[in-house]
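If you want the building blocks of each chain, they are given just below.
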Amino acid sequence: MIAEVKKLIMNSKKLVVLTGAGFSAESGIPTYRGTGGLWSKYDPSVYADINHFMRDSSYYWNFFRDERYPMIKKAKPNSAHIALVELYKRGKLFRLITQNIDGLHQLAGIPHVIELHGTTRSFRCMRCDNRFSMEEVHEKILDDFPPKCSCNGSLRPNTVMFGESLPQHALEESMLAAKKCDVFLVLGSSLVVYPAAYLPCIAKENNAHVVIVNIDPTPFDKQADAVLYKKASMFLEQLLL
Ligand SMILES: [Zn+2]
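Residues numbered from 1 in each chain as written. Predicted model: local features only at pLDDT ≥ 70, side-chain atom pairs only at ≥ 80, totals over all residues. Heavy atoms only, no water.

Undergrad: What is the right way to look at the pairing of strand S2 (residues 95-98) in this model?
TA: Each regular strand shows side chains that alternate between the opposite faces of the sheet. As paired elements, strand S1 (residues 15-19) and S2 share four bridges and run parallel to each other. In the strand pairing of S2, leucine 18 is matched with isoleucine 97. Across two bridges, the pairing between S2 and strand S3 (residues 114-115) is parallel. Its bridge partner lying in S3, threonine 98 is registered against glutamate 115. (Pairing = 2+ DSSP bridges. Helix = DSSP H or I, 4+ residues; strand = E, 2+ residues; numbered from the N terminus.)

Below, the structure written as structure tokens:
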């Protein structure tokens, strides 16, 4: 199976890769769902819901200060991120789409990444749209809680929260990539969150080959051309041999 998949990918002209939480798990960033997932500790309807955030943002900011910031600050690109950079340098990566908000693909060296769920590395003022880095906001929180802009507007993360739609440009760009690709490779996504989970369907409808690499089964496995139940890092290591 791996030899066939390798041939398919290495002969592709327009490879599109979609990465999910499983991809960053090896960087010490916990996945969201399932036992031990982030949502088993932090109820997303309190900590990651836009309506809750607008009513009382203190839960989010506490979570950001105590959990997310130290975790993201410490996280480094893992061997899968580095292998993907190698694929990019060889000119094999047409588009990279991610469900991850950690910015690790960019940190590893891929300049353009379609971030479907936004990024946790930047923030914006809800009044004047001024932008802030994660570090600036973390600094602010220490003596200004919840943090405010100099215009006195409230800040918010540039992530997509529950109850919000995806950034239009990222959605359009990812759908276009799925339409144009000849191979659509899913790495470390369980394909349960829409509309990301819909992208392999678009690729398939446009005659692309769909390859899924994930440690657990996904709802799209039956329609995929190849499914490998393994870690993304292990798969990419074999691919680049
Ligand atoms: Zn402002």
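Undergrad: Can you walk me through the sheet that holds strand S4 (residues 118-125) in this structure?
TA: In a beta sheet, neighbouring strands are held together by backbone hydrogen bonds and run either parallel or antiparallel to one another. Taken together, three strands build an open sheet; the order of strands is S5-S4-S6 and the sheet is antiparallel. Sheet topology places strand S5 (131-133) and strand S6 (155-159) at the edges, where each strand pairs with a single neighbour. Adjacent strand axes in the sheet meet at a mean angle of 40°, parallel and antiparallel pairs treated alike. Sheet contacts for helix H6 (residues 58-74): S4 and S6; angle to S4, the most-contacted strand, approximately 135°. (Axes fitted to C-alpha atoms, helices over the stretch in contact; angles between N-to-C directions. Contact = heavy atoms within 4.5 Å.)

Undergrad: Can you walk me through the coordination of the zinc ion in this structure?
TA: Each angle at a metal carrying four tetrahedral donors should ideally be 109.5 degrees, and each at a metal carrying six octahedral donors should ideally be 90 or 180 degrees. Taken together, Cys125 (SG), Cys128 (SG), Cys149 (SG) and Cys151 (SG) make up the protein donors of the zinc ion, found 2.3 to 2.4 Å from the metal. The motif formed by the donor residues of the zinc ion, counted along the single chain, is C-x2-C-x20-C-x1-C. Placement of the pair is cysteine 128 in the loop between S4 and S5 and cysteine 149 in the loop between helix H9 (134-141) and S6, with a sequence separation of 21 residues. Overall, the relative accessible area of 6% leaves cysteine 149 in the buried class. (Donors = N, O, S within 2.8 Å, 3.2 Å for Na, K, Ca; no water. Buried < 20%, exposed > 50% of the residue type's maximum accessible area, 1.4 Å probe, protein only.)

Undergrad: I tried to follow the environment of methionine 161 on my own but got confused; where do I start?
TA: Mapped onto the fold, methionine 161 is located in the loop between S6 and helix H10 (168-180). On the basis of relative accessible area, methionine 161 is assigned to the buried category, the value being 5%. C-alpha separation for the pair methionine 161 and serine 45, spaced 116 residues apart in sequence, amounts to 9.5 Å. Non-local contacts of methionine 161, meaning those with residues more than four positions away in its chain, are made with Ala48, Asp49, Ile50, Phe53 and Arg156.

Undergrad: Please clarify how helix H12 (residues 232-239) should be interpreted in this entry.
TA: Counting along an α-helix, one turn takes 3.6 residues, and residues three or four places apart therefore face a common direction. Inspection of H12 places Ala232, Ser233, Phe235, Leu236 and Leu239 among the buried residues, and these make up the whole buried set. Along H12, the residues classed as buried sweep out an arc of 160° about the axis, all on the same side. Residues of H12 that are buried make contact with helix H1 (2-10), helix H2 (21-25), helix H7 (79-89), strand S7 (183-187), strand S8 (209-213) and strand S9 (226-228). (Arc of directions from axis to C-beta.)

Undergrad: Is there a simple way to think about the domain arrangement of the protein in this case?
TA: For an interface, size is often stated in terms of accessible area lost upon the parts coming together. What the domain assignment lists for the protein is domain 1 (1-29 + 76-117 + 166-241) and domain 2 (32-74 + 123-159). Contact with domain 1, which involves eight residues of that partner, is made by eight residues of domain 2. Overall, the association of domain 1 and domain 2 removes approximately 630 Å² of surface from exposure, summing both partners, and the carbon and sulfur fraction of that is 67%. On the domain 1 side of the contact with domain 2, Ile29, Lys76 and Ile101 bury the most area, a combined 51% of that side's loss. Remark: the boundary between domain 1 and domain 2 carries zero salt bridges. The tally of links between domain 1 and domain 2 comes to zero residue pairs in polar contact (both at pLDDT 80 or more). By residue class, the composition of the side of domain 1 that touches domain 2 is four nonpolar, two polar and two charged. (Domains from an automatic or database assignment. Buried area = accessible area lost by both parts, 1.4 Å probe. Salt bridge = Lys/Arg side-chain N within 4 Å of Asp/Glu carboxyl O. Polar contact = N/O pair within 3.5 Å; in protein donor to acceptor, adjacent residues only side chain to side chain. Nonpolar A, V, L, I, M, F, W, Y, C, P; charged D, E, K, R; others polar.)

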